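Fold and geometry: a report
Okay, here's what each chain looks like letter by letter:
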Amino acid sequence: MKSLALIIGTGLLFVSASTVSANELRIGYLNTTSGSGAIVGREMMRGWQIGLQQQGWKKDGDKLAGVPTRIFYADDQMKADVGVTAVNRFLRQNRVQIVTGIIWSNVMMAIQRRVTGANALLVSANAGPTPLAGKRCDPLFVSASFVNDQVAEASGILLDREKVRSVVLMVPNYQAGKDVIAGFRRTYKQGKVVQEIRYKLGQSDFQADLSKIRALKPDGVFIFAPGAMGIAFMKQWNAAGLGKETKLYTMWTVSHLTLPAIGDSAIESVMADHWNPDLDNPRNKRFIKDYVARFKAHPSHFAMTSYDALGVIVRGVQAVNGKLDDMKAVARAIRKGPFESVRGTLKFNANGFPIQPFW
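One structure accompanies this document, and this report is about it.

Parameters at a glance
- Residues numbered from 1 in each chain as written.
- Predicted model: local features only at pLDDT ≥ 70, side-chain atom pairs only at ≥ 80, totals over all residues.
- Heavy atoms only, no water.
- Helix = DSSP H or I, 4+ residues; strand = E, 2+ residues; numbered from the N terminus.
- Rg over C-alpha atoms; globule rule 2.2 N^0.38 Å.
- Lys, Arg positive; Asp, Glu negative; His and termini not counted.
- Charge placed at Lys NZ, Arg CZ, Asp CG, Glu CD.
- Pairing = 2+ DSSP bridges.
- Contact = heavy atoms within 4.5 Å.
- Axes fitted to C-alpha atoms, helices over the stretch in contact; angles between N-to-C directions.
- Salt bridge = Lys/Arg side-chain N within 4 Å of Asp/Glu carboxyl O.
- Buried < 20%, exposed > 50% of the residue type's maximum accessible area, 1.4 Å probe, protein only.
- Right-handed = clockwise from strand over helix to strand, strands pointing away.
- Expected span 1.5 Å × (residues − 1).
- Parallel < 35°, antiparallel > 145°, perpendicular 65-115°, else oblique.
- Left-handed = near helix turned anticlockwise from the far one by under 90°.
- Nonpolar A, V, L, I, M, F, W, Y, C, P; charged D, E, K, R; others polar.

Below, the discussion takes up the overall build of the protein chain. Scanning the protein chain for helices and strands turns up 11 helices and 16 strands. Taking 21 Å as the expected radius of gyration for a compact globule of 359 residues, we find that the protein chain reaches 20 Å, a close match to that expectation. In terms of principal-axis extent, the alpha carbons of the protein chain reach across some 65 × 45 × 35 Å. Put simply, the protein chain has 46 plus and 28 minus side-chain charges, and the middle of one group is 5 Å from the middle of the other.

The structure is reproduced here in structure tokens:
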């Protein structure tokens with residue numbers, strides 16, 4: 001039966017995902033391919049491409065999970081309103097049943113209810129805003145990545161273990177930054193947060209912030225700065241010589257994506273992460289091997305979760321035998337697990353996020 005889903009207050013009428021032919025899978029991949037976030041977007045796309053390569057998908061019409069599949073792409077430019085426009089196009093024009101990708105939590109928060117309100121499945125390949133794990137939990141949402149505050153919680157535990165008695169927190173001023181502060185404060189119990197610095201998303205000049213840190217003289221600095229923001233900060237941190245006085249802890253800042261640009265400025269910084277590239281399991285080894293062979297570089301955690309997102313989608317579609325008229329059934333099949341990740345065999349929590357170790 002065909003059905004329509006009206007999004008109240010927007011003036012837009014969306015065709016439900018259930019109206020799309022059950023014989024074709026349509027996926028909308030929302031990424032960031034312009035601006036300062038494009039460095040992360042490139043890595044996300046590479047991980048997705050390795051997944052497609054391993055599945056034997058090369059062009060629209062080829063099969064994923066035994067179903068002919070078309071994939072549509074869009075650039076959100078790190079902006080929530082641009083992301084909403086792209087998702088509207090996915091749903092109205094491209095008639096996708098699944099929306100995936102999504103780097104930034106502000107974009108995820110803006111698009112979530114538009115996607116699930118149209119009975120489409122939302123699969124996060126990176127963004128993990130904490131409200132989606134709680135009060136905005138949705139049966140049509142699944143994550144292949146993390147909840148934002150989880151790595152921050154692991155970092156708080158790490159600083160306690162290392163007896164860091166005073167710390168400055170630095171985060172970009174958007175949803176993920178707020179989640180990171182909350183997670184860090186939840187587990188950091190043995191010391192004191194002497195200041196929170198919430199810098200502008202996309203910022204590249206940290207000189208004023210570094211001057212504040214020098215004046216405060218904390219035992220440690222904990223910074224969340226993905227992509228180009230992290231590269232800029234690490235270089236300026238090193239040039240300022242603050243590492244001689246203060247221990248630096250990072251989150252999603254130093255990775256195989258940013259190390260070529262950061263170079264020796266990363267030395268002596270410490271991090272917690274949701275992926276250990278040295279994990280000894282076949283899926284992890286195959287992913288890294290195929291990535292290096294194709295791109296002549298080592299993958300980062302951004303590529304890894306994007307790769308895993310495709311694996312999650314394929315598993316869900318296979319579990320329902322390619323029947324795409326009920327995306328909640330696909331979501332239930334995914335959540336039932338197991339989740340065969342490069343991180344090992346994982347389970348899903350009731351909120352659709354993976355239960356996983358941190359390293």
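With that settled, the discussion passes to the sheet that holds strand S16 (residues 354–355). What the three strands build is an open sheet, ordered S14-S15-S16; its pairing is antiparallel. Only two strands of the sheet have a single neighbouring strand rather than two, namely strand S14 (339–341) and S16. Both S14 and strand S15 (residues 344–348) contribute to a ladder of three bridges, which runs antiparallel. Counted as the bridge partner of Ser341 is Gly344 from S15.

So, on to the sheet that holds strand S3 (residues 25–31). One open sheet accounts for six strands, arranged S4-S5-S3-S6-S7-S8; its pairing is mixed. Since the sheet does not close on itself, it has two edges, and those belong to strand S4 (63–64) and strand S8 (141–143), each with one partner. Direction of pairing for strand S7 (residues 121–124) relative to S8: parallel, over a ladder of three bridges. In the sheet register, Leu122 faces S8, and the bridge partner there is Phe141. Sitting on the sheet, helix H1 (residues 38–55) touches S3, S4, strand S5 (67–75) and strand S6 (98–101), and the angle it makes with S3 is about 155°.

Under the definition given, this model contains 13 salt bridges. Put simply, Glu196 and Arg185 hold a salt bridge, and the shortest N to O gap is 2.8 Å. Placement of Glu196 in strand S10 (residues 192–199) and of Arg185 in helix H5 (residues 175–187) is noted, with a sequence separation of 11 residues between them. With a relative accessible area of 40%, Arg185 lands in the partly exposed category.

With that settled, the discussion passes to the pairing of S6. Going residue by residue along S6, you find Ile98 and Thr100 tucked away on one face and Val99 and Gly101 tucked away on the opposite face as well. Bridge count for S3 against S6 is four bridges, and the pairing is parallel. What sits directly across from Gly28, in S6, is Val99. As a crossover connection, the stretch from S6 through helix H3 (residues 105–117) into S7 is right-handed.

This paragraph deals with H5. If you check H5, its first and last C-alpha atoms are 19 Å apart, about what 13 residues at 1.5 Å a residue would give, namely 18 Å. Buried positions along H5 lie against H3, helix H4 (148–161), strand S9 (166–172), S10, strand S11 (220–224) and strand S12 (247–251).

Bringing helix H11 (residues 327–336) into the picture now. Turning to H11, its buried residues number three or more, namely Met327, Val330, Ala331, Ala333, Ile334 and Arg335. Residues of H11 that are buried in the fold lie against S6, S7, S8, helix H10 (301–319) and S15. Positive backbone phi, at 75°, marks Gly337, one or two positions downstream of H11.

Right, let's get into the pairing of S15. It is a general feature of regular strands that their side chains alternate between the two faces of the sheet. In sequence, S14 turns back onto S15 through a hairpin of two residues. In the sheet, S15 pairs with S16 via two bridges, with the strands oriented antiparallel. Of the residues in S16, the one forming a bridge with Lys347 is Ile355. Hairpin connection of S15 to S16: five residues between the antiparallel strands, including Gly352 at a positive phi of 90°.

Below, the discussion takes up the packing of helix H2 (residues 80–92) against H3. Look at H2 against H3: their axes get within 8 Å of each other, and the N-to-C directions meet at 30°. Taken together, the axis directions place H2 and H3 in an arrangement best described as roughly parallel. Crossing of H2 over H3 shows right-handed handedness. Here H2 contributes Ala80, Gly83, Val84, Val87, Asn88 and Leu91 to the contact with H3, which in turn contributes Asn106, Val107, Ala110, Ile111, Arg114 and Val115. Classifying every residue of the contact of H2 with H3 gives eight nonpolar, three polar and one charged.

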